[in-house]
Amino acid sequence: MERLIINGGKRLDGSVELQGSKNSVLPILAAAAATGTVSVLHNCPGLSDVDAAMKILRHIGCKTERQGHTVIIDSSCAYGSEIPDSLMREMRSSIIFLGALLARFGKASVTAPGGCEIGLRPIDLHLSALRQMGTDISETGGFLNCNCPNGLSGRHITLSFPSVGATENIMLASMGAKGETVITNAAREPEIVDLAEFLIKSGMKISGAGQSVMRISGNGRFHSAEHTVIPDRIVASTLMAGAACAGGKICIRKAEKEHLAPVIPVFETAGCRFSFGSDEITVEACGRPKRVRYLRTMPYPGFPTDSQALFMAVAATADGTSVISEKIFENRFRHVPELIKMGADIRVEDCCVAVVEGVKALHGAKVSACDLRGGSALAVAALGAQGKTVVENIFHIDRGCENFENVFAYLGADIKRAQRAGE
Ligand code: EPZ
């Protein structure tokens, strides 16, 4: 298994282009399966999750082609509505294909994704919404066998929680529904808006994307669309955390300031300084970070749960006590014991509140990535730590960060990827 070897203490300076958003391109790839046309997607990051989604598309009969960061999907010949367990398991969020398959074929057979590193990841909101839209779903032996005997119908669906995935699955199922669908308490993340923009380009009518009430309708006919995926706001926060941990000045090109509105003030409180160009954000940090008294993760436009671990890496060496409350996922502190191996002083209470007593500096250690964002946080913490850190299981990081070590090495970090000794 590959690992990262990092010798900390090197400032980060330079300008990098931000990758496209993993959490935006995945539902858009699912939508491309439902249009039955040719979709041209630009700014698609080279990630293992994207590769897994493309495998699913090919498995159901789509033609796919990648030219650098452009991906072309021709779903005119798609025929399969079954996704085998092996493919479903390769990517945590493959449940997003369910709505698209129902829209295209009126039936689908997928395995329930099950839990993952950060929590149980239930899909009750997805299934309840799809049932309301006319889907019969039988859950047997971990398989979801779905049928729409009378087709899909638009409905007024109220979500008890603004679930990103459930909102996306309803939007995708609406591609094949008769009549208008209204989602109340819809997720408002930028990735929802990006999916809506792709669907509108493909022929859907959508209003209220990015707001709590979204209206979606279509006539079941789609045309080819070309779309540029939004930049990845979580990778942007990863770069900001790198600057805050190691010190330095990073210009993040092609970043959307608006998407980072929940994050920038927190990094400013921690002592980072920002300047903004038309489509770039420059973050500068020097000296020890300042503590953030209380930080809680919330649905957008709150502080994103995906940036929680990254900010904890910063708080670990801040000049005081920071309290971080994880309100979205029930098991998203798996990076804590690993940070403690590096000398952090963190106490977790009630599974979802971390009290972080900042220490002067972290020291190198052998640590293990347990999930994508926690693994990224360990690597970012190592950039500022004294000595050598080895981060194992970096396949987690490769799911969502393109060329992690090359980006940070370009900025001045002493970081390289290596095979585990003896392999
Ligand atoms: C998406 O996951 C993202 N993944 C996650 O990013 C992100 O953390 C999350 O949204 C929140 O922003 C992708 O977009 C591929 P949710 P998703 O449905 O859709 C509960 C990363 O690191 N819930 O908004 O699974 C759920 O248990 C990943 O890039 C139900 O109870 O998130 C959780 O507590 C990690 N029932 C909360 O809602 C349901 O049916 C938020 O989940 C669905 C969700």
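The rules behind the values
- Residues numbered from 1 in each chain as written.
- Predicted model: local features only at pLDDT ≥ 70, side-chain atom pairs only at ≥ 80, totals over all residues.
- Heavy atoms only, no water.
- Near = heavy atom within 4 Å.
- Polar contact = N/O pair within 3.5 Å; in protein donor to acceptor, adjacent residues only side chain to side chain.
- Areas by Shrake-Rupley, 256 points an atom, 1.4 Å probe, with all protein chains shown as cover.
- Helix = DSSP H or I, 4+ residues; strand = E, 2+ residues; numbered from the N terminus.
- Nonpolar A, V, L, I, M, F, W, Y, C, P; charged D, E, K, R; others polar.
- Domains from an automatic or database assignment.
- Buried area = accessible area lost by both parts, 1.4 Å probe.
- Salt bridge = Lys/Arg side-chain N within 4 Å of Asp/Glu carboxyl O.
- Phe/Tyr/Trp six-rings, centres within 6.5 Å; stacked < 30°, edge-to-face > 60°.
- Buried < 20%, exposed > 50% of the residue type's maximum accessible area, 1.4 Å probe, protein only.
- Pairing = 2+ DSSP bridges.
- Axes fitted to C-alpha atoms, helices over the stretch in contact; angles between N-to-C directions.
- Contact = heavy atoms within 4.5 Å.

Undergrad: Help me understand the site of the ligand, please; the structure alone is not making it clear to me.
TA: As a matter of local geometry, the ligand sits amid 21 residues, with Asp124, Leu125, Ser163, Asp306 and Ile328 nearest to it. A distance of 3.3 Å separates an oxygen atom of the ligand from a polar backbone atom of proline 122. Separating an oxygen atom of the ligand from a side-chain N or O atom of arginine 332 is a distance of 3.2 Å. In the complex, the protein chains occlude 86% of the 820 Å² of accessible area that the ligand would expose alone. Among the secondary structure elements, those contributing two or more residues to the shell around the ligand are helix H1 (22-35), helix H5 (124-132), helix H6 (164-174) and helix H12 (372-384). Residues of the shell around the ligand, tallied by class, amount to nine nonpolar, six polar and six charged. The two domains that each donate at least three residues to the shell around the ligand are domain 1 (2-19 + 231-419) and domain 2 (22-228).

Undergrad: How should the domain arrangement of the protein be read in this particular structure?
TA: Note: interface size is frequently given as the accessible area lost on complex formation between the parts. Here the protein is partitioned into domain 1 (2-19 + 231-419) and domain 2 (22-228). For domain 1 versus domain 2, the distance between C-alpha centres works out to 30 Å. Across the interface of domain 1 and domain 2, roughly 1,900 Å² is buried in total on both sides, 51% from carbon and sulfur atoms. Among the residues domain 1 hides against domain 2, the three largest losses belong to Tyr300, Arg399 and Glu402. Together they make up 31% of the total. A salt bridge links arginine 233 to glutamate 191; its shortest N-O distance comes to 2.8 Å. At the boundary of domain 1 with domain 2, the tally comes to eleven residue pairs in polar contact (both at pLDDT 80 or more). Only H12 and helix H13 (395-398) provide two or more residues apiece to the side of domain 1 that touches domain 2. Of the residues assigned to the side of domain 1 that touches domain 2, the class counts are nine nonpolar, five polar and eleven charged.

Undergrad: Can you walk me through the packing of aromatic side chains in this structure?
TA: Centre-to-centre distance and the angle between the planes together describe a pair of aromatic rings. Within the structure shown, the criterion is met by four aromatic pairs. Consider the rings of phenylalanine 267 and phenylalanine 311, whose centres lie 5.3 Å apart with planes at 85°: the pair is edge-to-face. One end of the pair, phenylalanine 267, is in helix H9 (residues 264-269); the other, phenylalanine 311, is in helix H10 (residues 308-315), and 44 residues separate them in sequence. Among the residues examined, phenylalanine 267 registers a relative accessible area of 0% and is labelled buried. The exposure class of phenylalanine 311 is buried, given its relative accessible area of 1%. Between phenylalanine 303 and phenylalanine 311, the ring centres sit 6.4 Å apart and the planes meet at 75°, which makes this aromatic pair edge-to-face. Just as phenylalanine 303 is buried, phenylalanine 311 falls in that class too.

Undergrad: Could you clarify how one ought to interpret the sheet that holds strand S7 (residues 136-140) in this entry?
TA: Spatially, the three strands line up as an open sheet ordered S6-S8-S7, and their pairing is antiparallel. Edge strands, defined here as strands with exactly one partner in the open sheet, are strand S6 (107-111) and S7. Direction aside, neighbouring strands of the sheet carry axes that sit 15° apart on average. Bridge count between S6 and strand S8 (residues 143-147): five bridges; the pairing is antiparallel.

Undergrad: Which parts of the structure should I look at to understand the pattern of salt bridges?
TA: Two side chains carrying opposite charge are able to pair once their charged atoms lie near each other. In total, this model carries 18 salt bridges according to the counting rule given. The residue glutamate 17 makes a salt bridge to arginine 253 at a minimum N-O spacing of 4.0 Å. Here glutamate 17 is found in strand S2 (residues 12-17), whereas its partner arginine 253 is found in strand S16 (residues 248-253), with 236 residues between them in sequence. The class of glutamate 17 is partly exposed, set by a relative accessible area of 44%. A residue is classified by how much of its surface remains accessible, and arginine 253, at 30% relative accessible area, is partly exposed.

Undergrad: I tried to follow the environment of valine 367 on my own but got confused; where do I start?
TA: Tracing the chain through its elements places valine 367 in strand S23 (residues 366-368). Look at valine 367 and you get buried, because its relative accessible area is 1%. If near-sequence neighbours (up to four positions away) are discounted, valine 367 is found in contact with Glu338, Lys341, Met342, Leu378, Thr389, Val390, Val391 and Glu392.

Undergrad: How should I be thinking about the sheet that holds strand S4 (residues 63-67) in this particular structure?
TA: Across a sheet, strands are paired by hydrogen bonds formed along the backbone, either parallel or antiparallel in direction. One open sheet holds the four strands; their spatial order is S4-S5-S3-S15, and the pairing between them is mixed. Across the chains shown, the open sheet's two edge strands, defined by having one partner strand only, are S4 and strand S15 (225-228). Looking at each pair of strands side by side, their axes are set apart by 15° on average, direction ignored. For strand S3 (residues 38-42) and strand S5 (residues 70-74), the ladder comprises four bridges, and the chain directions are antiparallel. Pairing of valine 40 across the sheet is with isoleucine 72, part of S5.

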